[in-house]
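Spelled out from the first residue to the last, the chains are:
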Amino acid sequence: MSALKDQLHADLTTSMKARDALRTSTLRMVLTAITNAEVSGKEVRELSDDDVLTVLGAEAKKRREAATAFAEGDRPELAEKETAEAAILAEYLPAQLTPDEIAVIVAAAVESADAAGQGMKAMGKVMGIVSPQVKGKADGGVVAAEVKRQIGS
């Protein structure tokens, strides 16, 4: 079992003993998502820490998007719950990159791919260079927007 998954199980036990309902339900939800990812596909597999981080990132993104939707729908109590769940999941994710850090990484990738001014033709080439560097540390939409800005689409 991956170390991160072990940590999630241990934290679930601790939160259950502390009767922390929000943390318990959030950790149960993410462990279920991890189990679903393990059994999806043709054969059961054990997820690595990187795979677990991918699942955690996807679940955190779902919570942020839901919080935004609830806030726009004038449902502040549900938005608060989703925001709190996202905060709990963020504790297990690596530190997120700032917009300035993303811009520096994208600029280096644009330069190495010689993609400046090529427009959308170079998008895939640049994203191929940038994606492994920012995986789990930045939202893909934010990175893609920065790439588009820098390649001059």
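From a predicted model like this one, the values you see are computed outputs, not experimental measurements.

Definitions and limits used
- Residues numbered from 1 in each chain as written.
- Predicted model: local features only at pLDDT ≥ 70, side-chain atom pairs only at ≥ 80, totals over all residues.
- Heavy atoms only, no water.
- Domains from an automatic or database assignment.
- Salt bridge = Lys/Arg side-chain N within 4 Å of Asp/Glu carboxyl O.
- Helix = DSSP H or I, 4+ residues; strand = E, 2+ residues; numbered from the N terminus.
- Buried < 20%, exposed > 50% of the residue type's maximum accessible area, 1.4 Å probe, protein only.
- Expected span 1.5 Å × (residues − 1).
- Contact = heavy atoms within 4.5 Å.
- Core = buried A, V, L, I, M, F, W, Y, C linked by side-chain atoms within 4.5 Å.

With that settled, consider the domain arrangement of the protein chain. When the domains of the protein chain are assigned, the result is domain 1 (3-91) and domain 2 (99-151). On a C-alpha basis, the centres of domain 1 and domain 2 stand 28 Å from each other.

Another point: the pattern of salt bridges. Considering all chains together, one arrives at 13 salt bridges under this definition. When the shortest N-O distance is used, the salt bridge between lysine 5 and glutamate 38 registers 2.8 Å. Of the two residues, lysine 5 sits in helix H1 (residues 3-17) while glutamate 38 sits in helix H2 (residues 21-39), which places them 33 residues apart along the sequence. As far as burial versus exposure is concerned, lysine 5 and glutamate 38 are alike and both buried.

With that settled, the discussion passes to helix H4 (residues 76-90). Here H4 spans 21 Å end to end across 15 residues, near enough to the 21 Å set by a 1.5 Å rise per residue. Where H4 is buried, its residues contact H2 and helix H3 (49-72).

As a further point, take the nonpolar core. Ranked by internal contacts, the top residues of the largest apolar core, which has 17 residues, are Leu8, Ile34, Val52 and Leu56. When residues of this core are traced back to their parent elements, those giving at least two are H1, H2 and H3. Beyond its immediate sequence surroundings of up to four residues, leucine 8 is in contact with Leu27, Val30, Leu31, Ile34, Val52 and Tyr92. Formed by 16 residues, the second largest nonpolar core is a distinct cluster that contains Met123, Val126, Ala144 and Val147.

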